[in-house]
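The lines below spell out each chain.
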Amino acid sequence: MSVASVRQAVRRSVAGLPREFWWLWTSTLINRMGAFVATFLALYLTLDRGYSAVYAGLVAALHGLGGVISSLGAGVMADRLGRRPTLLISQLSMGVSVALLGFMEHPVAIAAVAFLVGMASAASRPPVQAMMADIVAPKDRVRAFALNYWAINIGFSISSLAAGLVAEHSYLIGFLGEAAMTLACALLVFWKLPESRPEPTAVKDGAAADEEPISLMTVLRDRRYMGVVFLSFLMAFIFMQHSVALPVAMGADGFSPGDYGTVIAVNGVLIVALQIPVTRFIEHRDPRTLLMVSALLAGYGFGLTAFAGSVGVYALTIVVWTLAEIINSPTQMGLVVRLSPAQGRGRYQGMFTLSWPAAALVAPLVGGWLIDQYGADTLWATCAAVGTVAAAGYWLLMRDLPPADAAAGDTTASPAAAGEAEPAAV
């Protein structure tokens, strides 16, 4: 393939999206370039502080519990207060709390501040995802979510390698670096991103038409949507093992933080290299098949970790479940927006986002307990079983999915999405 054809393919992948999307994309990139706590918290607690895998799992679970509590609240705030102020509050809170975590000494204080970090971190997701759905036209949303996930992993691949080196010298530098990058994101949002929350719809003869208000109970009564949330939880349970169980297992096998940083960077590098071409391949394919395949790849990718005994084999297992991420993330996010009414996107996104911190609450506890009681191989076999269950769930849930043009979340787009689009300029 020639350089010209590669450039043309990239341009087709990034063209047609509004300027606001690219500022949001840039904010995501900066945020993930500073990620440290989510990647190295388990190693920090077990290797640097000398705590057990159970304690590391408990702290990670409290981090997840904070996210569980804040996800729904941030979703409601995004609908009521607005996407932009909710995002600013979460990023400012994250910058302060993650810096504070680096100075905590007592185990109770570490756990308490980790809980606050989890709250602040998860609170940014509903407004980001709702804003992205607001400003991008329906036909471009899968591509937009893929590009955003691409930014996450460009930043993740950079931060994993850099943080691995930083961790071998000073964990405190890592905490302060993440705080600085998060505050930089808050400044970018403040200066460049306008509010995108849709105005109330439907005006008849000069008066607002009656429409049923959307509440959290509306979301809870939406059985298909809650099924998607549950399956997302199962997928998140599998993927979350990379941040707690995998580094603990590698540390127990004698591998260093640098080894883990190098291995986990494979995940980010692959996504950077493959996310755009794979998304172009899957964009208009059957989402049920894609989600089933991604669930099986995730489960059995982690299952193969039971056979890993070298850095190379660990990296190979990561290749398998990384393919699952590449397929699952944009496909599932497109499905979520497709099933979400425009006026309730914050609440719907908050409920969906809840699946990840809920998994962050459960996965470390289960993972740490299984490793301590039965060994890491039992955990990897459990991941394979959970992936199989998730694949079956996607098959059942999506058997009678309505056409895309009938979905509530695909009927509107903000004026920014309908106006003149910018290419890849930021």
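Residues numbered from 1 in each chain as written. Predicted model: local features only at pLDDT ≥ 70, side-chain atom pairs only at ≥ 80, totals over all residues. Heavy atoms only, no water.

Some details on the side chain of R347
Its location among the elements puts R347 in helix 16 (residues 345–374). On the accessibility criterion, R347 (9% relative accessible area) is buried. The residues touching R347, leaving out its near neighbours within four places in the chain, are G75, V76, D79, R80, I214, S215, L216 and V219. (Helix = DSSP H or I, 4+ residues; strand = E, 2+ residues; numbered from the N terminus. Buried < 20%, exposed > 50% of the residue type's maximum accessible area, 1.4 Å probe, protein only. Contact = heavy atoms within 4.5 Å.)

With respect to the packing of aromatic side chains
Throughout the structure, instances matching the rule amount to 14 aromatic pairs. Relative to Y348, the ring of Y225 has its centre 4.7 Å away and its plane inclined at 70 degrees; by these criteria the two rings are edge-to-face. In this pair, Y225 is assigned in helix 11 (residues 223–239) and Y348 in helix 16, connecting sequence segments 123 residues apart. Ring centres 6.4 Å apart and planes at 55 degrees place the aromatic pair F239 and W321 in the tilted group. Note that F239 is positioned in helix 11 and W321 in helix 15 (residues 311–338), a separation of 82 residues in sequence. Comparing F239 with W321 shows no difference in burial state: the two are buried. Linked through ring pairs, F239, F302, W321, W356 and W380 together constitute an aromatic cluster. (Phe/Tyr/Trp six-rings, centres within 6.5 Å; stacked < 30°, edge-to-face > 60°.)

Thoughts on the confidence of the model for the chain
For residues with low pLDDT, the predicted coordinates do not support detailed interpretation. Residues with a pLDDT of 70 or more make up 87% of the chain, whose mean pLDDT is 81. In the predicted structure, residues 203–210 sits below a pLDDT of 50 and forms six contacts with residues beyond four places in sequence or in another chain. Scored below 50 in pLDDT, residues 405–426 shows 52 contacts in the model against residues more than four places distant or in partner chains. (pLDDT = per-residue confidence, 0-100.)

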